[in-house]
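Chain by chain, the residues run as shown.
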Protein chains: 2
Amino acid sequence: MTEENERILLAHGGGGRLMAELIAKTIAPTIYGDKPQNLTDAASVDIDGKEILFTTDSFVVQPLFFPAGDIGKLAVCGTVNDLAVCGAKPQTLSLALIIEEGFAVAALEKILHSIGTTARQAGVAIVTGDTKVVEKGAADGIFINTTGIGPRRRNTRLGFDCIEPGDVILINGTLGDHGMTIMSKRQELAIQSPLQSDCACLHEIIGLLLDALGPKVKFMRDPTRGGLAATLNEITQSCGCGIEIEEKKIPVDPAVKAAADILGFDILNIANEGKFVAVVAADAEKQALDVLRSHPLGRKAARIGVVGPKQPHSLVELITRIGGRRIIGMPYGRELPRIC
Amino acid sequence: MTEENERILLAHGGGGRLMAELIAKTIAPTIYGDKPQNLTDAASVDIDGKEILFTTDSFVVQPLFFPAGDIGKLAVCGTVNDLAVCGAKPQTLSLALIIEEGFAVAALEKILHSIGTTARQAGVAIVTGDTKVVEKGAADGIFINTTGIGPRRRNTRLGFDCIEPGDVILINGTLGDHGMTIMSKRQELAIQSPLQSDCACLHEIIGLLLDALGPKVKFMRDPTRGGLAATLNEITQSCGCGIEIEEKKIPVDPAVKAAADILGFDILNIANEGKFVAVVAADAEKQALDVLRSHPLGRKAARIGVVGPKQPHSLVELITRIGGRRIIGMPYGRELPRIC
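Residues numbered from 1 in each chain as written. Chains lettered and ligands numbered in written order. Predicted model: local features only at pLDDT ≥ 70, side-chain atom pairs only at ≥ 80, totals over all residues. Heavy atoms only, no water.

Draft legend 1. Structural context of the relation of the copies chain A and chain B. For the match of chain A to chain B, the screw axis carries a shift of 0.0 Å, the RMSD comes to 0.0 Å, and the turn is 180 degrees. Seen this way, the second copy is the image of the first under a two-fold rotation axis. Taking C-alpha positions as the reference, the residue of chain A nearest the rotation axis is A:Ala139, at 2.1 Å. When the interface residues of chain A are mapped onto chain B, 100% of them again fall at the interface, so both copies present the same face. (Least-squares fit on C-alpha atoms with pLDDT ≥ 70 in both. Contact = heavy atoms within 4.5 Å.)

Draft legend 2. Expanded view of the sheet that holds strand E13 (residues 316-319) of chain A. Residues and elements named next belong to chain A. Spatial strand order, E9-E11-E8-E12-E10-E13-E14: seven strands in an open sheet with mixed pairing. The open sheet has two free edges, formed respectively by strand E9 (217-221) and strand E14 (325-327), since each of these has just one partner strand. Taken pair by pair, the neighbouring strands of this sheet meet at an average axis angle of 25 degrees, ignoring direction. Here helix H8 (residues 285-293) sits on the sheet and contacts strand E8 (168-171), strand E11 (277-280) and strand E12 (302-310); the angle it forms with E8, its principal contact strand, is near 5 degrees. (Pairing = 2+ DSSP bridges. Helix = DSSP H or I, 4+ residues; strand = E, 2+ residues; numbered from the N terminus. Axes fitted to C-alpha atoms, helices over the stretch in contact; angles between N-to-C directions.)

Draft legend 3. Fine view of the pairing of E13(A). Residues and elements named next belong to chain A. Along E13, the buried face is formed by Val316 and Leu318; none of Glu317 and Ile319, which line the opposite face, is buried. In terms of strand pairing, strand E10 (residues 241-246) meets E13 through four bridges, oriented parallel. If you follow Ile243 over to E13, its bridge partner there is Val316. In this sheet, E14 lies alongside E13 in antiparallel orientation, the contact comprising three bridges. For Leu318, the partnering residue across the bridge sits in E14 and is Arg326. A loop of five residues connects E13 with E14, the two strands running antiparallel in sequence, and Gly323 in this loop sits at a positive phi of about 95 degrees. (Buried < 20%, exposed > 50% of the residue type's maximum accessible area, 1.4 Å probe, protein only.)

Draft legend 4. Examining the pairing of strand E7 (residues 142-151) of chain A more closely. All names here are of chain A. Within E7, ten of the ten residues are buried, leaving the element largely enclosed by the surrounding structure. Every second residue of E7 is oriented toward a common face, with Ile142, Ile144, Thr146, Gly148 and Gly150 on one face and Phe143, Asn145, Thr147, Ile149 and Pro151 on the other, all of them buried. Two elements, strand E2 (residues 50-59) and E7, share eight bridges in a ladder whose sense is antiparallel. Of the residues in E7, the one forming a bridge with Phe54 is Ile149. The pairing of strand E5 (residues 92-100) with E7 spans eight bridges and is antiparallel. Bridging from a neighbouring strand, Leu93 pairs with Gly148 of E7.

Draft legend 5. Molecular detail of the packing of aromatic side chains. Evaluated as defined, the whole model comprises three aromatic pairs over all chains. The interplanar angle of 50 degrees and the centroid separation of 6.2 Å between the aromatic rings of A:Phe143 and B:Phe143 together place this pair among those described as tilted. With A:Phe143 in strand E7 and B:Phe143 in strand E7 (residues 142-151), this residue pair bridges two chains. Comparing A:Phe143 with B:Phe143, the two get one shared label, buried. Where B:Phe160 meets B:Phe219, the ring centres are 4.5 Å apart and the plane angle is 25 degrees; that geometry is what we call stacked. Placement of B:Phe160 in the loop between E7 and strand E8 (168-171) and of B:Phe219 in strand E9 (residues 217-221) is noted, with a sequence separation of 59 residues between them. Each member of the pair B:Phe160 and B:Phe219 is classed as buried. The ring of B:Phe59 has A:Lys132 lying over it, and the distance from NZ or CZ to the ring centre is 5.7 Å. (Phe/Tyr/Trp six-rings, centres within 6.5 Å; stacked < 30°, edge-to-face > 60°. Lys NZ or Arg CZ within 6 Å of the ring centre and 35° of its normal.)

Draft legend 6. Fine view of helix H7 (residues 254-263) of chain B. Residue and element names in this part refer to chain B. Along H7, the positions that sit buried rather than exposed are Val256, Ala259 and Ala260. Buried positions in H7, seen along its axis, are confined to an arc of 100 degrees and lie on one side of it. Exposed and facing more than 90 degrees away from the buried side of H7 are Pro254 and Ile262. Of the surrounding secondary structure, the elements contacted by the buried residues of H7 are helix H4 (177-186). (Arc of directions from axis to C-beta.)

Draft legend 7. Here's a closer look at the interface of chain A and chain B. Taken together, the contact between chain A and chain B spans 79 residues of the former and 81 residues of the latter. In total, about 6,800 Å² of surface goes out of reach between chain A and chain B, with carbon and sulfur atoms giving 64% of it. The largest per-residue losses of area from chain A upon contact with chain B belong to A:Ile8, A:Ile31 and A:Phe54, which jointly make up 10% of the total buried on that side. Here chain A and chain B share eight salt bridges between them. Residue A:Lys132 is joined to B:Asp57 by a salt bridge in which the shortest nitrogen-to-oxygen separation is 3.3 Å. Linking chain A with chain B are 31 residue pairs in polar contact (both at pLDDT 80 or more), by the criterion used here. Among the secondary structure elements, those contributing two or more residues to the side of chain A that touches chain B are helix H1 (17-32), strand E1 (43-47), E2, E5, helix H3 (105-122), strand E6 (125-134) and E7 of chain A. In the side of chain A that touches chain B, the residues fall into 38 nonpolar, 23 polar and 18 charged. (Buried area = accessible area lost by both parts, 1.4 Å probe. Salt bridge = Lys/Arg side-chain N within 4 Å of Asp/Glu carboxyl O. Polar contact = N/O pair within 3.5 Å; in protein donor to acceptor, adjacent residues only side chain to side chain. Nonpolar A, V, L, I, M, F, W, Y, C, P; charged D, E, K, R; others polar.)

Draft legend 8. The arrangement of the packing of H3(A) against helix H1 (residues 17-32) of chain B in detail. Interhelical geometry of H3(A) versus H1(B) gives an angle of 40 degrees and a closest axis separation of 6 Å. The angle between the axes of H3(A) and H1(B) places the two elements in the oblique class. Along its contact with H3(A), which presents A:Leu108, A:Glu109, A:Leu112, A:His113, A:Ile115, A:Gly116 and A:Arg120, the element H1(B) presents B:Leu22, B:Thr26, B:Ile27, B:Thr30, B:Ile31 and B:Tyr32. Taken together, the residues of the contact of H3(A) with H1(B) sort by class into seven nonpolar, four polar and two charged. (Parallel < 35°, antiparallel > 145°, perpendicular 65-115°, else oblique.)

Draft legend 9. Highlighting the state of the cysteines. Applying the stated rule across the entire model yields zero disulfides over all chains. With no disulfide partner, A:Cys86 has as its closest neighbouring cysteine sulfur the one in A:Cys162, 12 Å distant. Overall, A:Cys86 belongs to the buried group, its relative accessible area being 16%. Distance from the sulfur of B:Cys201, which forms no disulfide, to the nearest cysteine sulfur (B:Cys77) is 3.3 Å. (Disulfide = S-S within 2.5 Å.)

Okay, here's the thing in structure tokens:
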């Protein structure tokens, strides 16, 4: 039971352990009653015999504008990516704005311009919307919700249950860029920071991978809030297999690494907005990496680990640079509020 | 061009003239560039040859709990109704929460319980969600976005272009209940206010009407923000016909009327959350009213007016109780912030 004075903490929105608990113990049982539901990034919906995927995300990032992106670009890419990693062809978005009274119309136009441009480039249509305004002090500038739908791509079969021991774990590039860009900007890191968000729409590179490998791609997820650590822990918990990753194989930009070290963050917990983890059949590893590296968003693609045997209490383990082993836990969620 | 120091006002979210201008002059052209789009409550989307309707709404109502409803019930009913009035069978919702740090978990549970109960009663499934938490002071308790999809019902043909001179305008019951309940609560009206929100899901009564009348129902809209005045003005502007309504035919609860008089509001501008306007072929009026009155949400259904001839600068005119004529303009939007 909920304690009478229990309160929502920032960490409840951090994409880590506390958020998983809030969803599992409060949100899902209260909404669904005794009919448990499998909540994924994008839900499969049957409309008169036609399967479509459906996903929603609200964006509350602060600051609203950051190197290589803004809340508008993020709002389109985030929902496009949630559809793409679930095997959908992103097609249509809704757009809902909550704006604080007094917000500059020029800033709104800049954000809307970003939304329009990103959507056109991604080939998705924004077809319906909603605008609410709240009093000064009742919101922080602007919050954006995008909800997306698209048909499932043919010849794909993705899911935790497809993952088998021996499958390899790939990433399409460097980790931590988005999160560390936001944190550097927020902390006003004195260094002339060259950091840039990796915020990008991944449907195209994911499309190439699925076209080439079909069902040999077993599972994909974009490691946003909670970072790679949260994504890999969700995989082990859901498929029952352990995961082993190698620190030296994980691509990280040196400037991002430096910023993380200065600010005391673990790159594995940091949000990404232009990355996806793919679990792929071992015999398709080379082909997958070739396909990924052929695309601008996959130049630094790498195999970072492998799926281990099925076992109770399966863990994510990191082989460190010096050959040690470290258990990578589910992050708590407090590290990076309002990163997306 | 936007003035450099132009700011968003509360009235930009009020569902009236200022909001229409913001959408027409800023949001639509910035997002769509030179490809103008017809923005309706629910957009029609073709997914591989299957037509579905798609709609989004954010809810920022204050207070969160009010007589006969709360933000959770409102969030489900609002999106169900937007689908239903566009001729869809509401099927599936997404749910996105933005919660302020420090929000009571018990209040969250109460809201989620409302969401779950209302969705089950309406027969819609909540299949995907998102939870964000922002710092104390960066939001006002909780904001909720619901986005909904559903297939278009067969044997319906709805749209501004279906409306013809001579069609009659029906409403399923009393006007102003939701808005005046919220305002009374907010103003802490000293009277022992018996007001109750009309917040309800309308898909069932709308289904009965469409099953009975088919394409003789020409157009429907739920008069939420901006009230009946905004809805009728949108109709005249979009179909090019004038509208004449009769004050004495408009059902209003006496307590709601009293509260509106005390607080200085015009009932026609007040938001409703369990009402819909239907434009119906004249020869189907009696049948339509019989169907509406057979349902608990339509007991006080009434014919309130008629569509006039096509003319330039068409207007909404009210015939007052004493037989005078008054032009009903599009409300500006300032009257009722955060009503839904």
